[in-house]
Amino acid sequence: MADKNFRILSVDGGGLRGLVPALLLLDLEERLEAKSGERRPLSDYFHLFAGTSTGGLISLGLTARDPEQPDRPSMNAEELVALYRERAAAIFPPRFRLLRLLRSMVMPKFSNKGLRKAVDEEIGDYLLSTALRDVVVTAYDMTAHEPRYLKRWRAREPGQLDPTMADAAMATSSAPTYLPPWPLGGDALVDGGVFAANPTMAAIAEALDRKRDPPAPVGLDDLFVVSLGTGYFRAKYTPRRLRAWGALAWVQPRGSEPALMRAMLDGQTVSTNHFAEVLLNTDPRRPRYYRIEAELGDDVEMDDARRKTREKLEKQAAELVDERGADLEAIAQRLYEAGPI
């Protein structure tokens, strides 16, 4: 891979299912260490990190500066895995699940105190403009009714909003019905998953729009993209079942998501994957786009912090590593050949 190639890591939304891509990133770190003989953070191998919701937390954690070693990231992949294992229950308390479901009909299921404490301690209050690499996380502005992209290069421009990394994390992950909107710059921001559950195309557009900071400019042929999902479940709805549904049936909770929300999230995620595949994988002998995601055996809710659920996700991640081991090895080899940035 030539030095000009622009390497992107994109991570989907999905709440606590973010444990799956965190474990994939840990595997990738270990493969790179085996090849290079040294353990380096993933920020040394990707030019741009993109994320939505839990993927935004991952992207910010991998690019925020460590207060004690500002030239290193605040989190590595192992610490990301620990975040999901150790803080899940504090972010989404698993007790009183039925009561919380009823509560979500009239107000958010959870306060944002647990998540705020986690991002303050793990991601920190460095400004977005100081991120180690280019980073873009998605949010939706309910005040202006438009998508918002919180990104390093824009935060560096005079007069532009430059939130802390922790504030950006809160904005991208404040999922409607689960957490209250996050106030930022006088606006009410919610989880970017409402329009970009899979932020890969946002990341590609961001890379193509670069006009400074080498390597720039870049074209489609210069991109190498790794896109990680948080797992999907094939819920099936037959025509007979859907025929009599009205508004309430479409939006009432069913498994991990209401049917209407599932259709919107899955449709955006799958179509984004298709667009990226068509744009980048023009030569099947040397792919420039990899999409890795597990098909979940159970319909896992994004706020299910029970230990048994985390164990299921860890098992699913291990099976995915086995199933996609050849692709993970190919990704690691390409990154190793390109070398640290």
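Refer to the structure presented above.
In every chain, residue numbers begin from 1 and rise along the written sequence. Side-chain atom pairs in this predicted model are given and counted only at pLDDT of 80 or more, local residue features only at pLDDT of at least 70, and totals for whole chains, interfaces and linings cover all residues. Side-chain descriptors were evaluated using all non-hydrogen atoms of the structure, hydrogens and water having been removed beforehand.

## Regarding the packing of helix H1 (residues 19-36) against helix H14 (residues 325-338)
For step 1, the next point in the chain: Simply put, an axis is a line fit to the C-alpha atoms, just over the touching stretch for a helix, and the angle between two N-to-C directions goes from 0 to 180 degrees. Working definition: helices are DSSP H or I runs of at least four residues, strands are E runs of at least two. Numbering for both runs from the N terminus. Interhelical geometry of H1 versus H14 gives an angle of 55 degrees and a closest axis separation of 9 Å. Accordingly, the angle class assigned to the pair H1 and H14 is oblique. Considering only the axes of H1 and H14, their crossing is right-handed. Across the interface between the two elements, Leu24, Asp27, Leu28, Arg31, Leu32, Lys35 and Ser36 of H1 pack against Gly325, Leu328, Glu329, Ile331, Ala332, Gln333, Leu335 and Tyr336 of H14.
For step 2, the next point in the chain: Partitioning the contact of H1 with H14 into residue classes produces 8 nonpolar, 3 polar and 4 charged. Note that the term roughly parallel is reserved for angles under 35 degrees, roughly antiparallel for angles over 145, roughly perpendicular for angles of 65 to 115, and oblique for everything else. Definitions for this section: a left-handed crossing has its near helix turned counterclockwise from the far helix by less than a right angle. A right-handed crossing has that turn clockwise. In this description, contact between two residues means that some pair of their heavy atoms is separated by no more than 4.5 Å. Ten residue types, Ala, Val, Leu, Ile, Met, Phe, Trp, Tyr, Cys and Pro, are classed as nonpolar, four, Asp, Glu, Lys and Arg, as charged, and the remainder, Gly among them, as polar.

## A word on helix H3 (residues 77-91)
The α-helix winds at 3.6 residues per turn, so residues separated by three or four positions along the chain end up facing the same way.
For step 1, the next point in the chain: When the terminal C-alpha atoms of H3 are compared, their 19 Å separation across 15 residues agrees well with the 21 Å that a helix rising 1.5 Å per residue should span.
For step 2, the next point in the chain: One axis fitted to the seven residues ending at a residue, another fitted to the seven starting there: the angle between these axes is the bend at that residue. Where H3 bends most, the angle comes to about 40 degrees, and this point is Arg85.
For step 3, the next point in the chain: Partly exposed describes any residue whose relative accessible area lies between the buried limit of under 20% and the exposed limit of over 50%, with all areas from a 1.4 Å probe on protein chains only and scaled to the type maximum. For H3, every residue scored as buried is listed here: Ala77, Leu80, Val81, Leu83, Tyr84, Arg87, Ala88 and Ile91.
For step 4, the next point in the chain: Those residues of H3 that are buried are in contact with H1, helix H2 (54-63), helix H5 (113-122) and helix H13 (307-323). In a helix, the anticipated span is given by 1.5 Å times the number of residues less one.

## Structural notes on the pairing of strand S8 (residues 289-292)
For step 1, the next point in the chain: Every second residue of S8 is oriented toward a common face, with Tyr289 and Arg291 on one face and Tyr290 and Ile292 on the other, all of them buried.
For step 2, the next point in the chain: A pair of strands is considered paired only if DSSP assigns at least 2 bridges between the two. Sheet analysis places strand S7 (residues 223-228) next to S8, joined by 4 bridges and oriented parallel. Bridging across to S8, Leu228 finds its partner in Ile292.

## Some remarks on unusual backbone geometry
For step 1, the next point in the chain: Note the cis peptide between Ala216 and Pro217, where omega equals -5 degrees.
For step 2, the next point in the chain: By the element assignment, Pro217 lies in the loop between helix H9 (200-208) and S7.
For step 3, the next point in the chain: Not every positive phi belongs to a glycine, and Ser53 is a case in point at roughly 55 degrees.
For step 4, the next point in the chain: Not every positive phi belongs to a glycine, and Thr177 is a case in point at roughly 80 degrees.
For step 5, the next point in the chain: Relative accessible area serves as the criterion here: at 40%, Thr177 is assigned to the partly exposed category.

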